[in-house]
Amino acid sequence: MKDKNRKPISPAQGMSKSWRSVSLVIGILGVCGSILLAVPSVVRADASQNDVNEAFAPVLKLEGKARKEINAIANMIAPGSKMVPIDATKASGEMCMLETVTKHNMIHFSQTPEQTHEDVVYYINPATFIKNGLDVKKLPRHPSELGKMEPLQWYYYDGTYVEPHQGSQLNKEFVIMSVDVK
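Anyway, here's the lowdown on the structure attached to this text.

Procedures and definitions
Residues numbered from 1 in each chain as written. Predicted model: local features only at pLDDT ≥ 70, side-chain atom pairs only at ≥ 80, totals over all residues. Heavy atoms only, no water. Core = buried A, V, L, I, M, F, W, Y, C linked by side-chain atoms within 4.5 Å. Buried < 20%, exposed > 50% of the residue type's maximum accessible area, 1.4 Å probe, protein only. Contact = heavy atoms within 4.5 Å. Pairing = 2+ DSSP bridges. Helix = DSSP H or I, 4+ residues; strand = E, 2+ residues; numbered from the N terminus. Axes fitted to C-alpha atoms, helices over the stretch in contact; angles between N-to-C directions. Polar contact = N/O pair within 3.5 Å; in protein donor to acceptor, adjacent residues only side chain to side chain. Phe/Tyr/Trp six-rings, centres within 6.5 Å; stacked < 30°, edge-to-face > 60°.

1. Here's the deal with the nonpolar core
Phase 1: Membership of the largest hydrophobic core is limited to 12 residues, which are Cys96, Leu98, Met106, Val121, Tyr123, Met149, Tyr155, Tyr157, Tyr161, Leu170, Phe174 and Ile176.
Phase 2: Ignoring any residue separated from it by four or fewer positions in sequence, one finds Tyr123 in contact with His104, Asn105, Met106, His108, Glu163, His165, Gln166, Phe174, Val175 and Ile176.
Phase 3: Residues Phe109, Val120, Met177 and Val179 belong to the second largest nonpolar core, which totals eight residues.

If you want it as structure tokens, here you go:
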């Protein structure tokens, strides 16, 4: 079902059809981050059914492809998966999904994407990039403050200082990129 209120973005506005698809998926992932943020506050022994329904109302209303996307994302953090949610809200107002096999890949989702242009932040192990000839040290240094990243710009983090989204020194290298979805 098409959303009659949604206006298409033309390539002239700087975004190709493939990037619109990526943005849509990232937006849906952002909804997943909102779900992660709602879970601790509503899944309590004394929580009423109304509290639960109110917190999950936007998700419960999803239909079609959007509902399938949310279910696929929820399966990524379900017990037994290789992804684990981490609360980084004290440091940055973000929720994190950490890949647990190597603990060297993660993604952050902002609780308030309308207040930042760092809505989704990807942290990728640079080993494959390096192995394929990229000198990651030539990338711009990852900013040590929130709000200083340019969307869709790759940065190099050397692990030696406090990474602002995580709120701690990570002691390992990453290539990091943010996406602005709001």
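2. Points about the sheet that holds strand E5 (residues 155-157)
Backbone hydrogen bonds are what pair the strands of a sheet, in a parallel or an antiparallel way.
Phase 1: Read across the open sheet, the six strands follow the order E1-E2-E3-E4-E8-E5; overall the sheet is antiparallel. Both outer strands of the open sheet, strand E1 (83-88) and E5, are each paired with one neighbouring strand and no more. Strand after strand, the sheet turns through a mean of 25 degrees between neighbouring axes, direction not considered.
Phase 2: Here E1 pairs with strand E2 (residues 94-99) via six bridges, running antiparallel.

3. A closer look at the side chain of His108
Phase 1: Within the secondary structure, His108 is located in strand E3 (residues 106-110).
Phase 2: Reaching out from His108, the side chain makes a polar contact with the side chain of Gln166 at a distance of 2.6 Å.
Phase 3: Leave out the neighbours within four places in its chain, and His108 touches Ala88, Ser92, Glu94, Met95, Cys96, Asp119, Val120, Val121, Tyr123, His165 and Gln166.

4. Considering the environment of Asp180
Phase 1: Along the chain, Asp180 turns up in the segment after strand E8 (174-179).
Phase 2: Judged by its relative accessible area of 35%, Asp180 falls in the partly exposed class.
Phase 3: In sequence terms Asp180 and Val120 are 60 residues apart; their C-alpha atoms lie 6.8 Å from each other.
Phase 4: Beyond its immediate sequence surroundings of up to four residues, Asp180 is in contact with Thr116, His117, Asp119 and Pro151.

5. Quick word on the packing of aromatic side chains
What describes a pair of aromatic rings is the distance from one ring centre to the other and the angle between the planes of the rings.
Phase 1: Going through the model one piece at a time under the given rule, you end up with three aromatic pairs.
Phase 2: Plain terms: the ring middles of Phe129 and Trp154 are 6.0 Å apart, the flat faces sit at 55 degrees to each other, and that makes the pair tilted. Taken together, the residues span a long stretch of sequence, with Phe129 in helix H5 (residues 127-131) and Trp154 in the loop between H5 and E5 at a distance of 25 residues.
Phase 3: Here Phe129 falls in the partly exposed class, since its relative accessible area comes to 30%.
Phase 4: Here Trp154 falls in the partly exposed class, since its relative accessible area comes to 30%.

6. Some points on the side chain of Ser110
Phase 1: For Ser110, the location among the structural elements is in strand E3.
Phase 2: For Ser110, a relative accessible area of 7% puts it in the buried group.
Phase 3: Here Thr112 takes part through its backbone nitrogen, which lies 3.1 Å from a polar atom of the side chain of Ser110.

7. Structural notes on unusual backbone geometry
Phase 1: Within the chain, Lys103 stands out as a residue other than glycine whose phi angle is a positive 55 degrees.
Phase 2: Residue classification places Lys103 among the partly exposed residues on the basis of a relative accessible area of 49%.
Phase 3: Positive phi values are uncommon outside glycine, yet Asn171 reaches one of about 55 degrees.
Phase 4: The topology assignment puts Asn171 in the loop between strand E7 (168-169) and E8.

Any link to function would need more than the numbers given here.
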